[in-house]
Amino acid sequence: MKIKKTSTTGKSKSRKPEQPSGQSLPAEQSTDQAQSTDQAQPIGEGGVTADPRHLPELPARIGRLWEFATNVSWTWDRDARAVFRAMDITLWRSSRHNPVKLLQQIRDERLGALVDDGEFLERYDALCRTADREGSNDSTWFVTHYPDLSEDPVAYFCAEFALHESIPIYSGGLGVLAGDHLKAASDLGVPLVAVGLMYGRGYFDQTLRLDGWQEDGDQPLDPTTTPLQRLRGAKGHRWLTWIYSSGRRVYIGVWRVRVGRVTLYLLDTDIEENDPQDRELSHNLYAGGVDHRLRQEGLLGIGGVRVLDALGIEPRAWHANEGHATFMLVERVRRLTKAGVPFDEAVSQVRTNSVFTTHTPVSAGHDVFSHEQMRDWTGEEFWEKLEERDRLLGLGLHPDDKEETQFHMTAAAIRLSSRVNGVSERHGHVSREIWKGLWDKEAPAEVPIGHVTNGVHLSTWMNNDVMGLLDEHLAPDWGYRVDDPEMWAGMRNVPSEALWGIHQRLKLDLIDFMREEARRRWRDHWTEASHLVGAGTLMSPFPLTIGFARRFATYKRADLLFRDTDRLLTLLADERRPVQLIFAGKAHPRDEEGKRVLQRVYEHTRDPRFEGRIAFLEDYGLHMAHGLVAGVDLWLNLPRVPLEASGTSGMKAALNGVPQLATTDGWWEEGFAGDNGWIIPTAPTNASEAEADQHDMEHVFRLLEEEIVPVFYDRPRRGSWQGAPPGWVEHMKRSIEVAGRRFTARRQVQDYVRDYYVPALRSDTEGDDPPVR
């Protein structure tokens, strides 16, 4: 299958793959077409158009800035970010690095001054020249290696995507991973088109009461301050297609966002044509009960297939990223059988071109819906005949469901995908153990589930100052040589004082950010001064500072160190070698236990015995994450083994020279090299949960007390906090080397392309081993 000639994959011209310096954004229009047009833009077939953007006019001399601002590739192009920052650094900061807002709010006088600023114009012209020069996909990694597949799209479905804080349609790790996947695919020239949901009210906004209890709110997203662009169907309708649900049509609107060469389509039901109940479907991420979640996942999967069809996009391969997207596979089987293809042949055809990635390491964590819920939600229109309905429902049968009344999303995805993977080496082992029953295999190693270890997008997560250091001391062209292991080995020769100096500046930036955030919240809604202490305003840039930022799920054990407060107090309040802890993260709105863990952590931020050395930062998001992963000294990750499928926050920290202390779980089992951080040995296999927690807590304290703190405070001048600690800086260098060489999204997407996408694109059935149960 190809893309129909009158359609678009959403590809736009962009820079070379993952080159962090001297790059620019896609050239989508010439200089004399810089301003927005009032004409709707044709998209695909069936009269689909894109709404014109009504944007404030810019001087023609710098008119292409709107072109750059409305493609989120600026989020990983430091030259583009430098141009926007130079326009008005105060607006850049207050907009939380949102160029759309910046261009909407910047004063005309400032724009006039920029047109007369020779240095700014030089930067701007360089950005335009690079965009024009690198507008072709011909030299990208994918086209170079697979020229015969360069026009064959891969459809990537996921329930959330994290691209920038201005588009808050993510909750955590899954969304960040998906966003980084799109960015790396753009860098590499992979012909990817992505489908997700447009959550008009995002995930939720977190505030903490004085007692530390999390309160959940939301604020409607204003699309005019984002790169989002609405698409319209025939005759100007705000919908492109529909699904049939709960006895009525649910019309689907679509928003488009450019991610370099990749286009992401976001499905939206909050339009006037829909029933009020259906309009709420796309309001919030992971909101509501089981029925609501079923309908959201049906919207994503079934609606997503139909939207691509309305756009004239015919993918050759399909990737379901986690079980939320399973209905994409089911809908394709249904469509084939409706067209007259026998059921077994339809399943075989869908399997051949499908990839499924599972992110869940425990059996209880997968979505399951009853057959009754499935029938009530879809209605008879979805099922052409009773036999077809029963066989489709049978695709979701779990081997342990003896009554055969449940539709298990992951089981269905595995049956309908010839290529299945976990997201780390350990998670691959765990997934084979969980799902061996589908194949009646005694040995888990025989189960055909592989793994692709997650990675993070280097140009997004490595701080500009760290990149500048690598420009100077690693190689000027290092960004074009990221696939070369020998290049990364050069990190060992980077001057220690230079790396330490950069890190100290980033640490100061983090402390300053925390104080400004506290000032803003004190102005807007805090009423008690104790909130200020809990936000880290008493913290200093000199002590060892440990960061813990992630979702507050109980298995991640954010409160592990607080189970021995006396020992923690001794560690943190040491006059000669003090330690600071910074926490951030959200508990799911319906996770009461997670909220209690968060509350226990927060209570200690206000305990005067700890002297303000513990902070909790409210409303964790991408903007805050960038400061944390670069500004702390040590990253802490404490999941119960083996409940973390991968985890990527430690990878982001490592790219900035921040070592990690973590359990032997997820990516760290592969990533720990002995001199790039510290690892907590695994508790005995027969240990209870309480015993394992005690075991891990003891080892964390021992490592901190006996190894980590002494290494950090071992300075050239004994008794002084000045100068680079030699042993610590070696850990920093190795952290960057190992993460850059092995744990980037670029390597991750290359693995998917070679081992999963290319076989699917070529309909390769060799070695296919479908489940037998």
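Definitions and cut-offs
- Residues numbered from 1 in each chain as written.
- Predicted model: local features only at pLDDT ≥ 70, side-chain atom pairs only at ≥ 80, totals over all residues.
- Heavy atoms only, no water.
- Axes fitted to C-alpha atoms, helices over the stretch in contact; angles between N-to-C directions.
- Helix = DSSP H or I, 4+ residues; strand = E, 2+ residues; numbered from the N terminus.
- Parallel < 35°, antiparallel > 145°, perpendicular 65-115°, else oblique.
- Left-handed = near helix turned anticlockwise from the far one by under 90°.
- Contact = heavy atoms within 4.5 Å.
- Phe/Tyr/Trp six-rings, centres within 6.5 Å; stacked < 30°, edge-to-face > 60°.
- Lys NZ or Arg CZ within 6 Å of the ring centre and 35° of its normal.
- Buried < 20%, exposed > 50% of the residue type's maximum accessible area, 1.4 Å probe, protein only.
- Polar contact = N/O pair within 3.5 Å; in protein donor to acceptor, adjacent residues only side chain to side chain.
- Arc of directions from axis to C-beta.
- Salt bridge = Lys/Arg side-chain N within 4 Å of Asp/Glu carboxyl O.
- Core = buried A, V, L, I, M, F, W, Y, C linked by side-chain atoms within 4.5 Å.

Between helix α2 (residues 78-87) and helix α6 (residues 118-133), the shortest axis-to-axis distance is 10 Å and the interhelical angle comes to 150°. Here α2 is positioned roughly antiparallel relative to α6, judged by the angle of their axes. Considering how the two elements wind past one another, α2 and α6 form a crossing that is left-handed. Taking contact as the criterion, the partners of Asp79, Ala80, Ala82, Val83, Ala86 and Met87 in α2 are, on α6, Phe120, Arg123, Tyr124 and Leu127.

All chains considered together, the criterion is met by 27 aromatic pairs. An aromatic cluster is built from Phe548, Phe552, Phe562, Phe583, Tyr602 and Phe616, whose rings are joined through pairwise contacts. The lysine or arginine in question, Arg249, covers the ring of Trp242, its NZ or CZ lying 3.6 Å from the ring centre. Between Arg715 and the ring centre of Phe712, over which it is positioned, the NZ or CZ distance is 4.8 Å.

A separate point is the side chain of Thr664. Structurally, the position occupied by Thr664 is in the loop between β21 (660-663) and α26 (668-671). Exposure remark for Thr664: the relative accessible area of 12% places this residue in the buried category. Within the structure, the side chain of Thr664 is placed 2.9 Å from the backbone oxygen of Ile680, a separation counted as a polar contact. A distance of 3.5 Å separates polar atoms of two side chains, one belonging to Thr664 and the other to Thr682.

A few words now on helix α13 (residues 371-378). Within α13, burial applies to His371, Met374, Trp377 and Thr378. Looking down the long axis of α13, one finds its buried residues gathered within 135° of arc, a one-sided arrangement. Turned more than 90 degrees away from the buried face of α13, the exposed residues are Glu372 and Asp376.

This paragraph deals with the pattern of salt bridges. Counted under the stated rule, the structure contains 60 salt bridges. Each of Arg557, Asp559, Arg563, Arg600, Arg640, Glu689, Asp693 and Asp696 takes part in one network of salt bridges that share partners.

Once that is clear, we can look at the environment of Arg230. In this structure, Arg230 sits in strand β7 (residues 229-232). Taking the C-alpha atoms as reference points, Arg230 and Ala662, 432 residues apart in sequence, are found 43 Å from one another. Contact partners of Arg230, with chain neighbours within four places excluded, come to Thr49, Ala50, Asp51, Arg238, Val254, Trp255, Asp268 and Ile271.

What follows covers unusual backbone geometry. In this structure, the amide linkage connecting Val641 to the following residue, Pro642, adopts the cis form with an omega of 5°. Looking at where Pro642 falls in the secondary structure, it is placed in the loop between β20 (634-637) and α25 (649-655). Positive phi outside glycine occurs at Arg557, with the angle close to 55°. Taking the relative accessible area as the measure of exposure, Arg557 reaches 0% and is therefore buried.

Next up on the list: the nonpolar core. Note on soluble globular proteins: their nonpolar side chains tend to be buried together. With 108 residues, the main nonpolar core has Phe157 and Tyr757 as its most contacted residues. When residues of this core are assigned to their parent elements, the largest contribution, 9 residues, is made by helix α29 (residues 745-761).

Read these as layout, nothing more, since geometry by itself doesn't imply function.
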